[in-house]
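# Examining the three-dimensional arrangement
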Amino acid sequence: MTAITDHSTLDSTAASELAGVSPRPSDDDPAFALHRGGKIGVALTVPLETREDLSLAYTPGVARVCMAIAETPALADDYTWRANTVAVVTDGTAVLGLGDIGPAGSLPVMEGKAALFKHFGGVDAVPLALACTDVEEIVETVVRLAPSFGGINLEDISAPRCFAIERLLQDRLDIPVFHDDQHGTAIVALAALENAAKLTGRTLGDLRAVVSGAGAAGVAVTRILLAAGIGDIAVGDSRGIIYPGRDALTTVKAALAAETNSAGLTGSITDALRGADVFLGLSSGQVPEEAVATMAPEAIIFAMANPDPEVEPAIAHKYARIVATGRSDYPNQINNVLAFPGVFRGALDVRASRVTEGMKLAAARALADVIADELADDLIIPSVFDARVAPAVSAAVAAAARADGVARR
């Protein structure tokens, strides 16, 4: 969850409060009181009360299981916790809105992510805060730890390193590797935008969108919208709209330039917004009201920066039909927790070897469909507490994994 471009799966109000909390611990502060001793633990799934229990769970009974797995390693998915356990991996370089606070500082957030995995998806998750930031060191560390896990969730790793880390890990591992700051945000944003388009009598193919932010979330949102058939999409960073041949393009941004901006726009985000149907805010940059006023009728604004949206909701509502933010205190919250528990639940259930683009698109469509009969301007995405979400997403992901040939059961 990078400080500028990505959005916390935690409550955004909590994130903003965290940013202003004194570092001096006090159990008079409810946040410190709740966190004392940590938010997660390990629980037994078998009895351990008698000598017979002990002889089955540990020696000598465990030896038979060990030898069977040694002969057929895939049996570990049946006879250990691996098939239902995810590693939540960070280096602490891009935590909430706090930035690079290091591995120890990141641990409360990683515990929180693990708690969300368990509560919303029934997935066991283990926080792994690594004391290294070099791409190759992170990759090598995770590869060595991977035999203990059924999937890897990358978290709060700053861009552009996060792109390389995810790619290298997926190339070397045969389990799902999912950078939630990228793909969780993308899945939820696509679901919300599909429903917003439907409410305004349009399809994605009818829309011209402008994305503010070319970090992890901005890139992933852009790519999933392209895959879903967005009419046109332009991406801007701190230097303006990205287009082929522009100065100071990273490899990732150069690839975006080749795939986006079919209208050939140049200049600033403000320039690009003139006549645009959609604004997707995935940066900390503020958009002036006069620019918002130039958007097309029935505009859609997703101002997702936390804690301060790129466009204040009161201003956005003056010019836009549909408004969403990353905050829990406004309607239409774009929250990653709507995606990652169901994505991993579905992938683990079929023992997928990776998360494909088809699985992400299926997750977004399933999420959008949860409230297909309930759509309203202030309800384009389900609540994070909607019990229908994770089962719908997991079923769609599992089916897509089978269709894409990456399921092993």
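Everything quoted here is computed from the prediction, not taken from an experiment.

Each aromatic ring pair is described using two quantities: the centre-to-centre distance and the angle formed by the ring planes. In this structure the tally under the stated criterion is 4 aromatic pairs. With centroids separated by 5.7 Å and ring planes inclined at 80°, the aromatic side chains of phenylalanine 178 and phenylalanine 344 adopt a geometry described as edge-to-face. Remark: phenylalanine 344 occurs in helix α15 (residues 340–349) and phenylalanine 178 occurs in strand β4 (residues 177–179); sequence separation between them is 166 residues. In this pair, the class of phenylalanine 178 matches that of phenylalanine 344, namely buried. Through a chain of ring-to-ring contacts, three or more aromatic side chains come together here, namely Phe117, Phe178, Phe340 and Phe344.

This part takes up the sheet that holds strand β3 (residues 151–154). Pairing is parallel across the open sheet formed by 4 strands, whose spatial order is β2-β1-β3-β4. In this open sheet, the two edge strands, each paired with only one partner strand, are β2 (124–129) and β4. Adjacent strand axes in the sheet meet at a mean angle of 25° when their direction is disregarded. In this sheet, β2 lies alongside strand β1 (residues 85–90) in parallel orientation, the contact comprising 6 bridges. Bridged to valine 86 within β2 is alanine 125. Where helix α6 (residues 102–121) meets the sheet, it contacts β1, β2 and β3, and its direction lies at approximately 170° from that of β2. This element, helix α8 (residues 161–172), spans β3 and β4 of the sheet and lies at about 170° to β4.

This part takes up the sheet that holds strand β6 (residues 232–237). Pairing is mixed in the open sheet, where 6 strands are placed in the order β7-β6-β5-β8-β9-β10. In this open sheet, the two edge strands, each paired with only one partner strand, are β7 (240–241) and β10 (320–325). Strand direction decides the pairing type here: strand β8 (residues 278–281) and strand β9 (residues 299–303), joined by 4 bridges, are parallel. By the bridge assignment for β9, glycine 281 is matched with alanine 303.

Before going further, it helps to spend a moment on the confidence of the model for the chain. Caution applies to low-pLDDT regions: their predicted coordinates should not be interpreted in detail. Mean pLDDT over the chain stands at 93; residues scoring 70 or higher make up 94%. Below pLDDT 50 for its whole length, residues 1–19 participates in 65 contacts with residues either more than four positions away or in separate chains.

With that settled, consider the packing of helix α9 (residues 180–199) against helix α10 (residues 216–228). α10 packs onto α9 with a crossing angle of 45° between their chain directions and a minimal axis gap of 8 Å. Between α9 and α10, the angle falls in the class oblique. Classified by chirality, the crossing of α10 by α9 is right-handed. Contacts between α9 and α10 pair Asp181, Gln182, His183, Thr185, Ala186, Ile187, Ala189, Leu190 and Leu193 from the former with Ala216, Ala217, Ala220, Val221, Ile224, Leu225 and Ala228 from the latter.

Judged by side-chain polarity, Leu44, Leu48, Leu54 and Tyr58 come together as a nonpolar surface patch covering roughly 450 Å² of accessible area. Inspection of the secondary structure puts tyrosine 58 in the loop between α3 (51–57) and α4 (61–71). A relative accessible area of 56% means that tyrosine 58 is categorised as exposed.

Before going further, it helps to examine the state of the cysteines. What the rule picks out here adds up to 0 disulfides. Cysteine 162 takes part in no disulfide bond, and the closest cysteine sulfur, belonging to cysteine 132, lies 15 Å away.

Quick look at α15 now. Taken across its 10 residues, α15 has 9 buried, putting it largely inside the fold. Within α15, the full set of buried residues consists of Phe340, Pro341, Gly342, Val343, Phe344, Arg345, Gly346, Ala347 and Leu348.

Right, let's talk about the nonpolar core for a bit. Counting 107 residues, the largest nonpolar core has Ile152, Leu169, Leu193, Leu225, Leu280, Phe302 and Met359 as its most contacted members. Ranked by the residues each element gives to this core, the list is headed by α9, at 10 residues. Those residues in contact with leucine 280 that lie beyond four places of it in its chain are Ala209, Val210, Val211, Ser212, Val221, Leu225, Phe302 and Met304. Counting residues in each nonpolar core, the second largest holds 19 residues, with Ile241, Val287, Ala299 and Val323 among its members.

What follows is about the pattern of salt bridges. Under the definition given, this model contains 21 salt bridges. For aspartate 277, the salt bridge is made with arginine 202, and the minimal N-O distance between the two is 3.3 Å. Here aspartate 277, found in the loop between α12 (269–272) and β8, pairs with arginine 202, found in the loop between α9 and β5 (208–212); they are 75 residues apart in sequence, far enough to count as distant. The exposure class of aspartate 277 is buried, given its relative accessible area of 13%. Across the salt bridge formed by aspartate 386 and arginine 388, the nearest N and O atoms sit 2.7 Å from each other. Relative accessible area serves as the criterion here: at 17%, aspartate 386 is assigned to the buried category. A single salt-bridge network, built from bridges that share partners, covers Lys113, Glu155 and Asp180.

This part is about unusual backbone geometry. Of note, the bond from alanine 159 into proline 160 is cis; its omega dihedral lies within 30 degrees of zero at 5°. Checked against the element boundaries, proline 160 lands in the loop between β3 and α8. Cis geometry is found at the peptide bond from asparagine 306 to proline 307, where omega equals 0°. Tracing the sequence through the fold places proline 307 in the loop between β9 and α14 (313–319).

Take the side chain of serine 353 next. Here serine 353 is to be found in the loop between α15 and α16 (357–369). Exposure remark for serine 353: the relative accessible area of 18% places this residue in the buried category. Once residues within four sequence positions are removed from consideration, serine 353 is found in contact with Gln170, Leu173, Asp174, Ile175, Pro176, Val406 and Arg408.

Calculation criteria
- Going along each chain's sequence as written, the residues are numbered from 1 onward.
- Given that the model is predicted, a residue must reach a pLDDT of at least 70 before its local features are reported, and side-chain atom pairs must reach 80 or more before they are shown or counted; all residues, however, enter totals for whole chains, interfaces and linings.
- Processing note: side-chain calculations cover all non-hydrogen atoms of the structure and skip hydrogens and water entirely.
- Only Phe, Tyr and Trp rings are paired, with Trp represented by its six-membered ring, and only when their centres lie within 6.5 Å; those with planes under 30 degrees apart are stacked, over 60 edge-to-face, the remainder tilted.
- Runs of H or I in DSSP of at least four residues are treated as helices and runs of E of at least two as strands, each being numbered from the N terminus.
- A 1.4 Å probe rolled over the protein chains alone gives each residue an accessible area, and that area as a share of the maximum for its type sets the label: buried under 20%, exposed over 50%, partly exposed in between.
- For two strands to be treated as a pair, DSSP must find at least two bridges joining them.
- What counts as an axis is a line fitted to C-alpha atoms, over the stretch in contact for a helix, and the angles between N-to-C directions run from 0 to 180 degrees.
- The contact criterion used is simple: two residues touch if any of their non-hydrogen atoms lie within 4.5 Å.
- pLDDT expresses how confident the predictor is about each individual residue, on a scale running from 0 to 100.
- What sets the label is the angle itself: under 35 degrees gives roughly parallel, over 145 gives roughly antiparallel, 65 to 115 gives roughly perpendicular, and the rest give oblique.
- Take the far helix as your reference; a near helix turned counterclockwise from it by less than a right angle gives a left-handed crossing, and one turned clockwise gives a right-handed crossing.
- Patches in this entry comprise residues that are over 30% relatively accessible and not in a salt bridge; like charges within 9 Å are linked, as are nonpolar side chains (Val, Leu, Ile, Met, Phe, Trp, Tyr) within 5 Å.
- Only the protein chains shown count as cover for residues, and the accessible areas themselves come from Shrake-Rupley with a 1.4 Å probe.
- Salt-bridge detection follows one rule: a side-chain nitrogen of Lys or Arg within 4 Å of a carboxyl oxygen of Asp or Glu.
- Throughout, a disulfide means two cysteine sulfur atoms within 2.5 Å of one another.
- Working definition of a nonpolar core: buried Ala, Val, Leu, Ile, Met, Phe, Trp, Tyr and Cys residues. They are joined through side-chain atoms within 4.5 Å.

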